[in-house]
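Coordinates in review
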Amino acid sequence: MNKRFFDIPKVKQINLFNAGCKIFAENTYRNASMSKVAFEAGISKSLIFYYFQNKQEYYFFILNEIVNQLNSQLSVVISKQEKYDLFEKVIEIIELKKNYFTNYNLHFKLIERIYNETDDNLIEGLQQLKIRLSQPYKELIVSMDKTGFTAKDDAINCIKILLYCAEGMVYHYDLDDLRNWDVLVDEYKYIIKSMRNNYYKELE
């Protein structure tokens, strides 16, 4: 990537980022043409390739920026208390994600692309992004208060179940309809409270 990209006015950087978000969110990687990006951004395709060596470098620039933004917000929520109740923290995280993705719905679609894109040339880079997306949840395991769990391994198992459950619910709902985010979050909160009742002991 040409470092001169960061020398252009911020508004132009954002414009090129947003154009890439739109085109890559609406198309598979193979079908997302740089001509479409250039048209959306209102610049020449040659100028995009002045800043980025090729389409793949530009694509991963877009995805990494989104992961940076999401992980930054998650880390703030996770790290603001030294020890915390896992279930209360997960509710806080799901509310944050709902607000983030309803405000930036294209970002949600691109996060989905990280897990669903099938182009063989992207596998290694996408795997690195998956690792980065999991990092805040590793911080969650380290920082949570485990004293309330009835069994030693329950805390880790709860996180796994909650993550698997969240992934399944995302595919169950049509989240292009932003109203469904509220339905999903309400249902997820109910599941979290049920798990808390089963796995957690109230401390005297």
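Before any of the text, the structure's been laid out above.
The numbering scheme is per chain: residues are counted from 1 as the chain's sequence reads. For this predicted model, a pLDDT threshold of at least 70 governs which residues receive local features, and a threshold of 80 or more governs which side-chain atom pairs are given and counted, while totals over whole chains, interfaces and linings are taken from all residues. No hydrogens and no water enter the side-chain calculation; it runs on all heavy atoms of the structure.

In DSSP terms, a helix is any run of H or I states spanning at least four residues, a strand is any run of E spanning at least two, and both are numbered starting from the N terminus. Tracing the sequence through the fold places N180 in helix α9 (residues 179–199). With a 1.4 Å probe rolled over the protein chains alone, any residue whose accessible area is under 20% of its type maximum counts as buried; one over 50% counts as exposed, and the rest are partly exposed. Taking the relative accessible area as the measure of exposure, N180 reaches 19% and is therefore buried. Sequence spacing of N180 and L16 is 164 residues, and the spatial spacing of their C-alpha atoms is 29 Å. The contact criterion used throughout is that any non-hydrogen atoms of two residues lie within 4.5 Å. Aside from chain neighbours lying at most four places away, what touches N180 is Y173, D174 and L175.

Only protein atoms enter the 1 Å grid, on which a cavity is a set of points fitting a 1.4 Å probe that cannot get out and a pocket is an open set with protein on both sides within 12 Å along at least 5 of 7 lines, lining residues being those with an atom within 4 Å of a point. Grid points are joined across faces, edges and corners, and a volume is the space filled by probe spheres set on the points. Of the voids in this model, the largest pocket is the one considered here, and its volume is about 860 Å³. Around the largest pocket, the lining is made up of 33 residues, and of these K97, Y137, L163, A166 and E167 lie nearest the centre. For the lining of the largest pocket, the elements supplying multiple residues, two or more each, are α4 (55–79), α5 (86–103), α6 (105–116), α7 (123–143), α8 (154–172) and α9. Here the element with the most residues in the lining of the largest pocket is α8; it accounts for ten residues. When residues are grouped by polarity, Ala, Val, Leu, Ile, Met, Phe, Trp, Tyr, Cys and Pro land in nonpolar, Asp, Glu, Lys and Arg in charged, and all others, Gly among them, in polar. Each residue belonging to the lining of the largest pocket can be placed in one class, and the counts come to 25 nonpolar, two polar and six charged.

Moving on, we come to the pattern of salt bridges. Between Lys or Arg on one side and Asp or Glu on the other, a salt bridge is scored when a side-chain nitrogen of the former is within 4 Å of a carboxyl oxygen of the latter. One pass over the full model with this rule turns up nine salt bridges. K89 is the salt-bridge partner of E92, the closest N and O atoms lying 3.4 Å from each other. With E92 and K89 both in helix α5 and three residues apart, the pair spans about one turn of that helix. A salt bridge links K98 to E95; the shortest N-O distance between them is 3.6 Å.

In this model helix α1 (residues 10–26) runs 24 Å from its N-terminal to its C-terminal C-alpha over 17 residues, within 8% of the 24 Å that 1.5 Å per residue would give. Turning to α1, its buried residues are Q13, L16, F17, A19, G20, C21, I23, F24 and A25. Lining the buried residues of α1 we find α2 (34–41), α3 (45–51), α4 and α6. The span expected for a helix works out to 1.5 Å for each residue beyond the first.

If you look at the biggest cluster of nonpolar residues, it comprises 66 residues, and the most contacted ones within it are Y58, I62 and L140. For this core, the leading source of residues is α4, giving twelve residues. Beyond its immediate sequence surroundings of up to four residues, I62 is in contact with L16, F17, G20, C21, F24 and L110. By nonpolar core we mean a set of buried residues, namely Ala, Val, Leu, Ile, Met, Phe, Trp, Tyr and Cys, connected to one another through side-chain atoms within 4.5 Å.

As a further point, take the side chain of N27. Mapping N27 onto the fold places it in the loop between α1 and α2. Assessed through its relative accessible area of 16%, N27 is described here as buried. One polar contact links the side chain of N27 to the main-chain carbonyl oxygen of I23, over a distance of 2.8 Å. Setting aside residues no more than four positions away along its own chain, N27 makes contact with A32, K36 and R113. Pairs of N or O atoms within 3.5 Å make up the polar contacts considered here, provided that, within protein, one atom can donate a hydrogen while the other can accept it, and that residues adjacent in sequence are counted only when both atoms are side-chain atoms.

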